[in-house]
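# Observations on the model geometry
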Amino acid sequence: MSSNRVAFEIDLTAEEARRRAEVVAALGPDWDPAAVLRAEDEAYALLYSGLDAEQQALHDRLVAAGVLPGTEAGRAAH
């Protein structure tokens, strides 16, 4: 039995560029990515503030193991 296959290719480059442009347009002119990252860092710091000694030790072990991000700037965006 012979099968007639036709090569079929789609270049999604233009579609991806259009999609990204739509996302940026939807975010609006007031969107500030640096401010968003700063706010994420502040939220992360608040989330892990006030830990007792046992919780802090566990948190430190999870950071050392790579399970949680460390304290470097921009950590919440990883």
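In this text the structure is predicted, and so the values were computed from the model without any measurement. (Residues numbered from 1 in each chain as written. Predicted model: local features only at pLDDT ≥ 70, side-chain atom pairs only at ≥ 80, totals over all residues. Heavy atoms only, no water.)

### A word on a nonpolar patch on the surface
Side chains of Val-23, Leu-27, Trp-31 and Val-36 sit close together on the surface and give an oily, nonpolar patch of about 330 Å² of accessible area. Its place among the elements puts Val-36 in helix 2 (residues 33-47). (Patch = residues over 30% accessible without salt bridge, like charges linked within 9 Å, V, L, I, M, F, W, Y side chains within 5 Å. Areas by Shrake-Rupley, 256 points an atom, 1.4 Å probe, with all protein chains shown as cover. Salt bridge = Lys/Arg side-chain N within 4 Å of Asp/Glu carboxyl O. Helix = DSSP H or I, 4+ residues; strand = E, 2+ residues; numbered from the N terminus.)

### Regarding helix 3 (residues 53-64)
Compared with an ideal rise of 1.5 Å per residue, which puts 12 residues at 16 Å, helix 3 spans 16 Å between its outermost C-alpha atoms and is within 8% of the ideal. Between the side-chain oxygen of the N-cap and the backbone nitrogen of Glu-54 there are 3.1 Å, and the N-cap of helix 3 in question is Asp-52. Positive phi appears at Gly-66, one or two residues downstream of helix 3, with a value of about 85°. (Expected span 1.5 Å × (residues − 1). Polar contact = N/O pair within 3.5 Å; in protein donor to acceptor, adjacent residues only side chain to side chain.)

### Concerning the packing of aromatic side chains
The relation between two aromatic rings is expressed through the spacing of the ring centres and the mutual angle of the planes. Taken as a whole, this structure holds 1 aromatic pair when the rule is applied. Measuring from centroid to centroid gives 4.8 Å for Tyr-44 and Tyr-48, while their planes differ by 55°, and the two rings are tilted. On the basis of relative accessibility, which here comes to 25%, the residue Tyr-48 falls in the partly exposed class. (Phe/Tyr/Trp six-rings, centres within 6.5 Å; stacked < 30°, edge-to-face > 60°. Buried < 20%, exposed > 50% of the residue type's maximum accessible area, 1.4 Å probe, protein only.)

### Examining the pattern of salt bridges
Inspection of every chain in the model, using the stated rule, returns 3 salt bridges. In this structure, Glu-15 engages Arg-18 in a salt bridge whose closest nitrogen and oxygen atoms are separated by 2.6 Å. One end of the pair, Glu-15, and the other, Arg-18, are both in helix 1 (residues 13-27), 3 residues apart, so they sit about a helical turn from each other. Of the residues examined, Arg-18 reaches a relative accessible area of 43% and is grouped as partly exposed. The partner of Arg-19 in a salt bridge is Glu-16, with the nearest N and O atoms 2.7 Å apart. One end of the pair, Arg-19, and the other, Glu-16, are both in helix 1, 3 residues apart, so they sit about a helical turn from each other. Taking the relative accessible area as the measure of exposure, Glu-16 reaches 29% and is therefore partly exposed. One connected set of salt bridges, linked through shared partners, spans Glu-16, Arg-19 and Arg-20.

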